[in-house]
Amino acid sequence: MTQRALDSSGGQTPGRGEHSPDTSRSSRHPPASRQAGIDAGAELDPVHPVDPPPARRSAGLSAAEVAERVARGEVNDVPVRSSRSVAEIVRANVFTRFNLIIGVLWVIMLFVAPIQDSLFGFVIVANTGIGIIQEWRAKRTLDSLAVIGEAKPTVRRDGVAAEISTSGIVLGDLVELGPGDKVVVDGTVAEADSLEIDESLLTGEADPVVKRAGDQVMSGSFVVAGGGAFTATKVGREAYAAQLAEEASRFTLVHSELRSGISTILKYVTWMMVPTAIGLIISQLVVKDTDFKDSVARTVGGIVPMIPEGLVLLTSVAFAIGVVRLGRKQCLVQELPAIEGLARVDVVCLDKTGTLTEGGMDVSEVRPLNGGDEAYVQRVLRAFGSSDPRPNASLQAIVDAYPADGGDAGGSGADGGGTGTGDAEAWTVTDAMPFSSARKYSGAAFTEADGTASAWLLGAPDVLLSEGDPVLGQIEQLNEQGLRVLLLARVPGGEPAAPGAADEAVPTALVVLEQRLRPDAGDTLAYFADQHVAAKVISGDNAVSVGAVAGKLGLAGAENTLDARRLPSDPDKMATAMERNAVFGRVTPQQKREMVAALQSRGHTVAMTGDGVNDVLALKDADIGVSMGSGSEATRAVAQIVLLNNSFATLPSVVAEGRRVIGNITRVATLFLTKTVYSVLLAILVVCTQVEYPFLPRHLTLLSTLTIGVPAFFLALAPNKERARPHFVRRVMRYAIPSGVLAAASTFATYLLARHHYSGAGALEAETSAATLTLFLVSMYVLAIIARPYTWWRVALVAAMGLGFLIVLVVPWLQDFFALRLVGTVMPWAAVGVAAAAAVLLEFVWRWVGRRFGA
């Protein structure tokens, strides 16, 4: 007799063994991607009966109908993008406030001064080009990874179910649904088998909504239990919810302390720059009776260095290169600042299944209870495996151990070879209740080979058994070994979905499952411990079992376990419990969300990892959500980072990349803002003393290139393992301000000394050269401090910049090109002496700031 199983509408369809296209959907998802068995959970709500089967099972659209709709443009043509378009990248890099200012000044200088005084404009063009190219490279990486991680809905056409891209759906398509699937377009339910959909991301309502034939479904929601199919009624831009989902899941520049900090700095710079520049213009063009073109050149020379234009570029480049580097490791960063965010994380919440353990499990033992017959129990399990065309990880282990053909599929506890082969095929499924996070168990009813009717439940023992049941003692011992235990219980009434069925169920057998530990999970946990990042394992499984698994992987505090059903509801008390314990079991999806919020209320930056549909709400609320590539479509849609290789071991690379970006940008920001501070102060001193501005644009272009531009590029991309610290603006400015003040004071002091020392023709050039020497030496000392701790390449970098300036001073044509010529020996050595005194003060100030405010 042919094995039968319930189809998604409650009718009979060919079973798993026949590989029917309508019931083989489970092959779409490896076990790790399915709703994570007992790890799921939610607030309890009523058990709903299976919908009555429709008159016939729809075959979906025909090929001709699809072609006709495509010709009419009735396709889901909303582009699912993971990054900005090329046009947006160009606009973002070219049309900036500072590029406009510099562009105007550049045009002026091209008319009034030699080409060497216009070099700063060519530098900006080169910088903008580098920024565009790097972000374009990052876009290509993101887009190629997004295609790999894109949701692939299953569409039934001509009676055959096949995966297609989201953009391939047409109006009227019949889209199949299973646990964890995201609803990708708006539609109407055509078939439903205990179908429960979570619409919380759209409506804010946490409880799943039961859907029956004729009900509406909206894009952006996702399936938490059961299965079915819906007919697409709105596709493309007609579906407003689809547009919202696209915006929510696309590449976005969300909140970033680094970006917001730089924006704050630039705002203050603008406020300082405008009045200072106006004063400088008046001073040089009106008050001073000098050559007009030379006055213009020196005015522009005073304004240009106030703008930290390269800082924004280097930040973008550092992020973009981080995206490319992580992309090579199959890590999709859906929101760019997520790289930074994970580096700031101090608590990471881990879902056990699919993160610490691999998705697959093995049946290690079956223990009959109350004198039950083991052979009969195996027949029940074999029939149970055929009751759900979309088995979760736990049921899949039973299917593998007790396959439909009656042979032994390798389950270590399954000796079912030859036991009741014919009987198993003769069992007929009459009712099925898929696993739901609302219940923590699934159910099925059968007509056995002899015509007897029976109904069964399979799920969490501590949910199905009453408190104090002696069987719980056995389960506790198994849990302490890190094993997962399911209870098979018989329902006397014959209806698994009947109210109170779980209370009346008679325990029949324990099914012991052995979980497969991820080989790299232990090293990853050790990394987080070494980096002082607290790891919290949050699971729907038994707390003792989860603690045992965590203990095997070396998690610190794994012995501190807590059953989430005993968690206090008060947020403050919950936060205390979260900080004291490391392992939490029997956690519902809503509790996961509350636990994340409780940790955040204590000032923690929280990352949440997960792959199951029960993790979606917590992933969305966490500071950083991390999903496995094989996870459900819903988790991939809301996560900022998707590990396409399904390897938890990739996370340290993301943390390291974020720390590299944050640490290095903090370093180079200090360089850029030191220049801004000394430029503004020099302009103010010039205005107050009514003297010529000491520098032409060419001088500051040379200084900026050697002391900031070139070294900052290398420092921004260098390895950096410093732990990310908050308060970016304060940390940068408390070093940049004293450094800029000392640089401006020492430079202006040298300039005033030179004005008293030199006289006659060529005096201004000699005065400028002496001041340039002092400013270069002080800036080099700032660079030398920032380059610490020294490595061979950092020393070589600083030395190369010093050598470059020395070459300019000794090569005659470079002296003429940059208008730099040291005259005599007294003033040059005086310039060196002033710079040395400033360097001593710099060292003292930096050390004092480090002790007073922390590094």
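Residues numbered from 1 in each chain as written. Predicted model: local features only at pLDDT ≥ 70, side-chain atom pairs only at ≥ 80, totals over all residues. Heavy atoms only, no water.

Chemist: Explanation requested: the overall build of the chain in the structure shown.
Modeler: When helices and strands are tallied, the chain shows 29 helices and 23 strands. Residues classed as buried in the chain amount to 59% of the 855 residues present. For the chain, contacts bridging at least 24 residues in sequence account for 74% of all contacts bridging at least 6. For the chain, the exposed area adds up to about 31900 Å²; of that, 60% sits on carbon and sulfur atoms. (Helix = DSSP H or I, 4+ residues; strand = E, 2+ residues; numbered from the N terminus. Buried < 20%, exposed > 50% of the residue type's maximum accessible area, 1.4 Å probe, protein only. Contact = heavy atoms within 4.5 Å. Areas by Shrake-Rupley, 256 points an atom, 1.4 Å probe, with all protein chains shown as cover.)

Chemist: It is not clear to me how the packing of aromatic side chains should be interpreted in this structure. Could you clarify?
Modeler: The way to describe two aromatic rings as a pair is by their centre distance and the angle between their planes. In total, this model carries 13 aromatic pairs according to the counting rule given. Measuring from centroid to centroid gives 6.3 Å for Phe-528 and Phe-648, while their planes differ by 35 degrees, and the two rings are tilted. Taken together, the residues span a long stretch of sequence, with Phe-528 in helix α17 (residues 521–530) and Phe-648 in the loop between β23 (641–643) and α23 (651–689) at a distance of 120 residues. Residues Phe-528 and Phe-648 agree in their burial class; the two are buried. By the ring-pair criterion, three or more aromatic residues cluster together here, those being Tyr-376, Phe-384, Trp-427, Phe-446 and Trp-456. Across from the ring centre of Tyr-268, 5.7 Å away, lies the NZ or CZ of Lys-267, which sits over that ring. (Phe/Tyr/Trp six-rings, centres within 6.5 Å; stacked < 30°, edge-to-face > 60°. Lys NZ or Arg CZ within 6 Å of the ring centre and 35° of its normal.)

Chemist: Is there a simple way to explain the sheet that holds strand β10 (residues 331–333) in this structure?
Modeler: As a general point, the strands of a sheet are linked pairwise by backbone hydrogen bonds and lie either parallel or antiparallel. Taken in spatial order, the eight strands line up as β10-β23-β22-β21-β11-β18-β20-β19 in an open sheet, and their pairing is mixed. The open sheet has two edge strands, β10 and β19 (561–563), and neither has a second partner. On average, adjacent strands in this sheet sit at an angle of 20 degrees to one another, irrespective of strand direction. Summarising the sheet, strand β22 (residues 624–628) and β23 pair through three bridges and their orientation is parallel. Paired with Met-628 across the strands is Leu-643, a residue of β23. Against the sheet, helix α20 (residues 589–601) engages β11 (347–350), β18 (534–538), β20 (583–585) and β21 (606–610), with an angle of about 160 degrees to β21. (Pairing = 2+ DSSP bridges. Axes fitted to C-alpha atoms, helices over the stretch in contact; angles between N-to-C directions.)

Chemist: How should I be thinking about a nonpolar patch on the surface in this particular structure?
Modeler: The grouping of Val-86, Val-90, Val-94, Phe-95 and Trp-136 at the surface amounts to a nonpolar patch, some 440 Å² of accessible area in total. Per-element accounting of the nonpolar patch gives the leading share, three residues, to helix α2 (residues 86–94). Tracing the backbone through its elements, the reader meets Val-94 in helix α2. Taking relative accessible area as the criterion, Val-94 reaches 31% and is therefore assigned partly exposed. (Patch = residues over 30% accessible without salt bridge, like charges linked within 9 Å, V, L, I, M, F, W, Y side chains within 5 Å. Salt bridge = Lys/Arg side-chain N within 4 Å of Asp/Glu carboxyl O.)

Chemist: Which parts of the structure should I look at to understand the confidence of the model for the chain?
Modeler: Low pLDDT means the predicted coordinates in that region are not meant to be read closely. Of the residues in the chain, 84% reach a pLDDT of 70 or more, and the chain-wide mean stands at 78. Of all secondary-structure elements in the chain, the lowest mean pLDDT belongs to strand β2 (residues 12–14), at 32, while helix α27 (residues 792–810) reaches the highest, 94. Low pLDDT (under 50) marks residues 1–55, which in the prediction has 176 contacts with non-local residues, meaning those over four places away or in another chain. Throughout residues 407–424 the model reports pLDDT below 50, and contacts reaching past four residues in sequence, or to other chains, amount to 36 contacts. (pLDDT = per-residue confidence, 0-100.)

Chemist: I keep staring at unusual backbone geometry and nothing clicks. Help me out?
Modeler: Residues other than glycine predominantly adopt negative phi, and peptide bonds predominantly adopt the trans conformation. Residue Pro-789 follows Arg-788 across a cis peptide bond; omega there is -10 degrees. Despite not being glycine, Gln-330 has its phi angle at roughly 60 degrees, a positive value. Its location among the elements puts Gln-330 in the loop between α9 (309–327) and β10. Relative accessible area serves as the criterion here: at 30%, Gln-330 is assigned to the partly exposed category. Phi at Arg-586 is positive, roughly 55 degrees, even though this residue is not glycine. Mapped onto the elements, Arg-586 comes out in the loop between β20 and α20.

Chemist: Before we go on, may I ask you to explain the side chain of Thr-768 in this structure?
Modeler: As for its position among the elements, Thr-768 is in helix α26 (residues 763–786). What makes Thr-768 buried here is its relative accessible area of 1%. Among all residues touching Thr-768, those that are not within four sequence positions of it are Arg-298, Pro-694, Phe-695 and His-699.

Chemist: What exactly am I supposed to notice about the pattern of salt bridges here?
Modeler: Two side chains with opposite charge may pair up if their charged atoms get near one another. One pass over the structure, following the stated rule, counts 24 salt bridges. Here Glu-176 makes a salt bridge to Arg-156, at a shortest N to O gap of 3.0 Å. In this pair, Glu-176 is assigned in strand β5 (residues 174–177) and Arg-156 in strand β3 (residues 154–157), connecting sequence segments 20 residues apart. Between Glu-191 and Arg-156 there is a salt bridge, and its shortest N-O distance comes to 2.9 Å. Of this pair, Glu-191 sits in strand β6 (residues 186–198) while Arg-156 sits in strand β3, and the two are 35 residues apart along the sequence. For the pair formed by Glu-191 and Arg-156, the shared burial category is buried. Put simply, Asp-462, Asp-563, Arg-565, Arg-566 and Arg-586 are held in one network by salt bridges that share partners.

Chemist: Help me out: how do you make sense of the layout of surface pockets in this one?
Modeler: Sizing a probe to match a water molecule and rolling it over the atoms shows the empty space that remains. In this model, the largest pocket occupies a volume close to 620 Å³. Along the wall of the largest pocket there are 22 residues; nearest its centre are Ala-92, Thr-96, Val-312, Leu-313 and Ser-316. Looking at which element gives the most residues to the lining of the largest pocket, the answer is α9, with six residues. In terms of residue class, the lining of the largest pocket is made up of eight nonpolar, nine polar and five charged. (1 Å grid on protein atoms, 1.4 Å probe; cavity = no way out; pocket = protein on both sides within 12 Å on 5 of 7 lines; lining within 4 Å. Points joined across faces, edges and corners; volume = space filled by probe spheres on them. Nonpolar A, V, L, I, M, F, W, Y, C, P; charged D, E, K, R; others polar.)

Chemist: Would you explain the pairing of strand β9 (residues 222–234) in this entry?
Modeler: The two faces of a sheet get side chains in turn, since along a regular strand they alternate between them. Here β9 lies mainly inside the structure; 10 of its 13 residues are buried. Summarising the sheet, β6 and β9 pair through 10 bridges and their orientation is antiparallel. Each residue of the ladder has a partner; that of Asp-198, found in β9, is Phe-222.

Chemist: Explain helix α15 (residues 471–480) to me, please; I cannot follow it from the model alone.
Modeler: Given 3.6 residues per helical turn, the α-helix brings residues three or four places apart onto the same face. Val-471, Ile-475, Leu-478 and Asn-479 are the residues of α15 that are buried. End-on view of α15: buried residues confined to an arc of 100 degrees, all on one side of the axis. Exposed residues lying more than 90 degrees from the buried face of α15 are Gln-477 and Glu-480. Just past α15, the residue Gly-482 takes up positive phi, approximately 80 degrees. (Arc of directions from axis to C-beta.)

Chemist: Would you mind going over the packing of α23 against helix α24 (residues 697–716) with me for this structure?
Modeler: Helix packing for two helices is described by the angle between their axes and how far apart those axes are. Look at α23 against α24: their axes get within 9 Å of each other, and the N-to-C directions meet at 170 degrees. The orientation of α23 with respect to α24, classified from their angle, is roughly antiparallel. Facing Arg-660, Asn-664, Val-668, Leu-671, Phe-672 and Lys-675 of α23, the residues of α24 in contact are Ser-704, Thr-707, Ile-708, Ala-712, Leu-715 and Ala-716. Of the residues that constitute the contact of α23 with α24, the class distribution is seven nonpolar, three polar and two charged. (Parallel < 35°, antiparallel > 145°, perpendicular 65-115°, else oblique.)

Chemist: Would you mind showing me how to read the pairing of strand β14 (residues 441–447) here?
Modeler: Where burial is concerned, most of β14 is hidden: six out of the seven residues are buried. The sheet contact formed by strand β13 (residues 428–436) and β14 spans six bridges and is antiparallel. Across the sheet, Met-433 pairs through a bridge with Gly-443, a residue of β14. With seven bridges connecting them, β14 and strand β15 (residues 453–459) associate as antiparallel partners. When the sheet's bridge partners are listed, Ala-445 is paired in β15 with Ala-455. As consecutive antiparallel partners, β14 and β15 are separated by five residues, and within that stretch Gly-451 has a phi angle of approximately 90 degrees, a positive value.

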